[in-house]
Amino acid sequence: MNVVIAGGGTGGHLYPCVALAHTFMKREVGTEILFIGTAAGMEAKVVPAQGFQFRPIFSQGFIGKSVLGKIRALCFMLVGLFQSLSHLKRFSPDLVIGIGGYASSPVMLAAFLLRIKRVILEPNLIPGIMNKISAPFVHLVITAFHETKNLLRAKNVACLGVPVRAEILGLKSAPAKNKEGRREKTLLVLGGSQGAHTINQAVVNALPLLERASIRIVHQTGEKDYEAVAKAYQKQSMNGQVFKFIEKISEAYADADFVLSRAGAGTLSELAIAGLPSLLVPFTGAKGHQEKNAQPFVKAGAAEMIANHDLKGEMLAERILFYLSHPEKLSEMAKAANQLGHPNAADEIVSACFLLVRGDSVEAAGN
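Residues numbered from 1 in each chain as written. Predicted model: local features only at pLDDT ≥ 70, side-chain atom pairs only at ≥ 80, totals over all residues. Heavy atoms only, no water.

**Here's the deal with the sheet that holds strand 2 (residues 32-37)**
Within a sheet, each strand pairs with its neighbour through backbone hydrogen bonds, oriented either parallel or antiparallel. Overall, parallel pairing links the 7 strands, which are arranged 3-2-1-4-5-6-7 in an open sheet. Where the open sheet ends on each side, the last strands, each with one partner, are strand 3 (53-56) and strand 7 (157-159). When the angles between neighbouring strand axes are averaged without regard to direction, this sheet yields 20°. Looking at chain direction, strand 6 (residues 140-143) and strand 7 are connected through 3 bridges and run parallel. Bridge pairing links Ile142 to Ala158 in strand 7. (Pairing = 2+ DSSP bridges. Helix = DSSP H or I, 4+ residues; strand = E, 2+ residues; numbered from the N terminus. Axes fitted to C-alpha atoms, helices over the stretch in contact; angles between N-to-C directions.)

**Digging into the nonpolar core**
Of all hydrophobic cores here, the largest spans 32 residues; its most connected members are Ile5, Phe24, Ile33, Phe35, Ile97, Val119 and Leu121. Mapped onto this core, the elements with two or more residues apiece are strand 1 (2-6), helix 1 (11-27), strand 2, helix 2 (43-49), strand 4 (95-98), strand 5 (117-122), strand 6 and helix 14 (345-357). Top element by residues in this core is helix 1. It accounts for 7 residues. By size, the runner-up hydrophobic cluster in this structure holds 30 residues, among which are Val229, Phe258, Ala317 and Leu324. (Core = buried A, V, L, I, M, F, W, Y, C linked by side-chain atoms within 4.5 Å. Buried < 20%, exposed > 50% of the residue type's maximum accessible area, 1.4 Å probe, protein only.)

**Some words on the sheet that holds strand 11 (residues 258-261)**
In space, the 6 strands of this open sheet follow the order 10-9-8-11-12-13, with parallel pairing throughout. Where the open sheet ends on each side, the last strands, each with one partner, are strand 10 (240-243) and strand 13 (303-305). The mean inter-strand angle of the sheet, taken between neighbouring strand axes irrespective of direction, is 15°. Most of the contacts of helix 11 (residues 289-299) go to strand 13, to which it runs at about 135°, and overall it touches strand 12 (278-280) and strand 13. (Contact = heavy atoms within 4.5 Å.)

**Observations regarding the packing of helix 12 (residues 313-324) against helix 13 (residues 327-339)**
Contact geometry for helix 12 and helix 13: axes closest at 6 Å, N-to-C directions at 90°. The orientation of helix 12 with respect to helix 13, classified from their angle, is roughly perpendicular. Here helix 12 contributes Phe322, Tyr323 and Leu324 to the contact with helix 13, which in turn contributes Pro327, Lys329, Leu330 and Met333. Counted by class, the contact of helix 12 with helix 13 contains 6 nonpolar, no polar and 1 charged residues. (Parallel < 35°, antiparallel > 145°, perpendicular 65-115°, else oblique. Nonpolar A, V, L, I, M, F, W, Y, C, P; charged D, E, K, R; others polar.)

**Concerning the pattern of salt bridges**
With the rule as written, the count across this model stands at 7 salt bridges. Here Arg216 ties to Asp255 by a salt bridge, and the two come within 2.5 Å at their closest N and O atoms. Pair noted here: Arg216 is in strand 9 (residues 215-220) and Asp255 is in helix 9 (residues 249-255), with a separation of 39 residues, a long-range link. Considered together, Arg216 and Asp255 belong to a single accessibility category, that of buried residues. The residue Arg319 makes a salt bridge to Glu304 at a minimum N-O spacing of 3.0 Å. Note that Arg319 is positioned in helix 12 and Glu304 in strand 13, a separation of 15 residues in sequence. Side by side, Arg319 and Glu304 carry an identical accessibility label, which is buried. The structure contains a network of salt bridges with shared partners spanning Glu304, Glu318 and Arg319. (Salt bridge = Lys/Arg side-chain N within 4 Å of Asp/Glu carboxyl O.)

Nothing here speaks to function; it is all geometry.
What follows is the structure, encoded as structure tokens:
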């Protein structure tokens, strides 16, 4: 079977697709996968490194732009549509999977015009605008949250979760041995693949208040804040490691006791599988998407949510010290997080896709 996966831009969109692509390859010998995205997105580097074909198209975001910006975005989308039509005709896919966002829109439209079967993945509780627009015109929408079904005008919806990379799935059955007998707790700080300035700044301001705490911090800053954050750790002589981007995230999860993070759907899915308690700081620019994503985790007792405008150094240090002195609370949160995981999401989504392509009922895959 030939499968096209469209989208990317951020790790939260891309890595679930990479996990899905590997699952397709394992399930059927001879399966061919083609990723289509933009040359500026991280997919241009990550996808070839994972061994998959990649083809770039022109596409830009439309929402929040000036009039001239919107005209430019429409022109890019038109060019991207013709590029997508060319890529699809050459590859002859049996199925096109989109994960939303401006990078997938021209591809999904091209698939519609060519009458290729189409699937959308919506990892967020509140669907994105492009997925809302596309939902009535695809054969299947796959969601991570049951509540999402009521927000889409779709003919066929299956709640199957978000695919998670194989190395993270392995954490559930192989907890890190290096935690045993260790005095200090390890806090993993994430801000998405591009970093989060608010989180970075709050951690820097909290460091002087954590000097005497028995804690180790592993901090992913993103490109822009890396040097400033690294200097702050050196100044405070903190037990920490600072990275622009953590390549081996499964090892970081395995070594962590709790996590400070944004609330992107992909990250939350990974935290659930890894069984990690978290302090979640939803990104305000996501129009409430991340706050909605975080709420089930807070309700289940797996996470504490902190509003972006409330995140200050002193307040963050107080919450970190609280959890350091209440390890039993972290254990309870870890168990709650693990119960929210969907370890079989990739397999179930691939099964649904095979059923769809072969003309069978998708209900057998968990509709």
